[in-house]
Amino acid sequence: MSQITALLILLLCSAPLFAQPTAEEARQGFRPLFNGRNLDGWDGDPRLWKVEDGVITGSTEGVTLSQNTFLITKETFGDFHFKLQVKLRNHNSGIQFRSEALPDWVVRGLQADMAENNYWGSIYDERGKRGIMVNGWKDKAEKVVKPGDWNDIEIMCDGEAIQIKVNGLVTAELKDSVRMSGVIALQLHRGPAMEARFRNLRIKPLR
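Residues numbered from 1 in each chain as written. Predicted model: local features only at pLDDT ≥ 70, side-chain atom pairs only at ≥ 80, totals over all residues. Heavy atoms only, no water.

J.: For this particular structure, what's the right way to read the overall build of the protein?
T.: Helix and strand counts for the protein stand at three helices and 15 strands. Taken over the C-alpha trace, the protein has a radius of gyration of 17 Å; the compact-globule value for 207 residues is 17 Å, and the two agree within 12%. With the C-alpha coordinates aligned to their principal axes, the bounding extent of the protein is approximately 65 × 40 × 35 Å. Expressed as a percentage of the 207 residues in the protein, the buried residues total 47%. Within the protein, contacts between residues at least 6 apart in sequence are counted, and of these 65% link residues at least 24 apart. Counting every atom, the protein has about 10,400 Å² of accessible surface; 50% of that belongs to carbon and sulfur. Positive and negative side-chain charges in the protein, numbering 27 and 26 respectively, have mean positions lying 2 Å apart. (Helix = DSSP H or I, 4+ residues; strand = E, 2+ residues; numbered from the N terminus. Rg over C-alpha atoms; globule rule 2.2 N^0.38 Å. Buried < 20%, exposed > 50% of the residue type's maximum accessible area, 1.4 Å probe, protein only. Contact = heavy atoms within 4.5 Å. Areas by Shrake-Rupley, 256 points an atom, 1.4 Å probe, with all protein chains shown as cover. Lys, Arg positive; Asp, Glu negative; His and termini not counted. Charge placed at Lys NZ, Arg CZ, Asp CG, Glu CD.)

What follows is the structure, encoded as structure tokens:
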């Protein structure tokens, strides 16, 4: 075996695979929403977001936020099935979908919510007037969430029908037509210094 061949094999074996759909997911039409290497295709405050070992890491350590801030897709989505894994160290985070990107990395719209010992699996109206629209925590997500560990999140939007799953359990269902398409975004919440990690982001557009 040549040195070049050995080097190529080493690179392939060590390359981050976190962003890749499984063979079955690829057959179904899923594609990566994050390339596992950098934040190409996303926009956020560079002080707060970075990529480490194929994981998107958001941290507010040493930074005081005046408002919630987001890492926002440059692409918009309407009907889709979105899967990812989230590890929340502390405090509060969430995943925006069908949302509107505002100046200064602020987002308005629906959120798959999550927080320390609360809110996981819920649907919340970020910067809106409807508050918690579906409480998916009580007697649902609280049974399956793994605090401080990786959790599987799924968001499905098909027309007016919206469904959230946490670790395979349906925690929230809603019919809503206020906004039928928009950005996806990852949240860091103002308040105590916090950290949230995101990996294995893959999406299947339905239309």
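What follows picks up the thread again.
J.: Hey, could you run me through the packing of aromatic side chains in this one?
T.: Think of a pair of aromatic rings as described by two things: how far the centres are apart, and how the planes are tilted against each other in angle. All told, the structure shown has two aromatic pairs when counted by the stated rule. Relative to Phe198, the ring of Trp49 has its centre 6.4 Å away and its plane inclined at 40°; by these criteria the two rings are tilted. Taken together, the positions of Trp49 in strand β3 (residues 49–52) and Phe198 in strand β15 (residues 195–205) put the pair 149 residues apart, joining distant regions of the chain. No difference in accessibility class separates Trp49 from Phe198, as the two residues are buried. The ring of Phe30 has Lys83 lying over it, and the distance from NZ or CZ to the ring centre is 4.8 Å. We note Arg199 situated over the ring of Trp150; from NZ or CZ to the ring centre the distance is 4.1 Å. (Phe/Tyr/Trp six-rings, centres within 6.5 Å; stacked < 30°, edge-to-face > 60°. Lys NZ or Arg CZ within 6 Å of the ring centre and 35° of its normal.)

J.: Explain the sheet that holds strand β8 (residues 106–115) here, please?
T.: Two strands in a sheet stick together by hydrogen bonds in their backbones, pointing the same way (parallel) or opposite ways (antiparallel). If you trace the seven strands from one edge of the open sheet to the other, you get β2-β5-β14-β7-β8-β9-β10, paired in antiparallel fashion. Edge positions in the sheet fall to β2 (42–43) and β10 (132–134), since each of these pairs with one other strand and no more. Two strands pair when backbone bridges link them, and strand β7 (residues 92–102) and β8 are joined in this way by nine bridges, in the antiparallel orientation. Each bridged residue has a counterpart across the sheet, and for Glu100 the counterpart in β8 is Arg108. (Pairing = 2+ DSSP bridges.)

J.: Would you explain the pattern of salt bridges in this entry?
T.: Close approach of charged atoms lets side chains of opposite charge pair. One pass over the structure, following the stated rule, counts 16 salt bridges. Across the pair Arg108 and Glu100 runs a salt bridge, and its minimum N-O distance is 2.8 Å. In this structure, Arg197 and Glu195 form a salt bridge, with 3.1 Å as the shortest nitrogen-oxygen distance. Exposure remark for Arg197: the relative accessible area of 22% places this residue in the partly exposed category. Glu195 sits in the buried class, given a relative accessible area of 17%. Salt bridges linked by common partners bring Lys50, Glu52, Glu195 and Arg197 together as one network. (Salt bridge = Lys/Arg side-chain N within 4 Å of Asp/Glu carboxyl O.)

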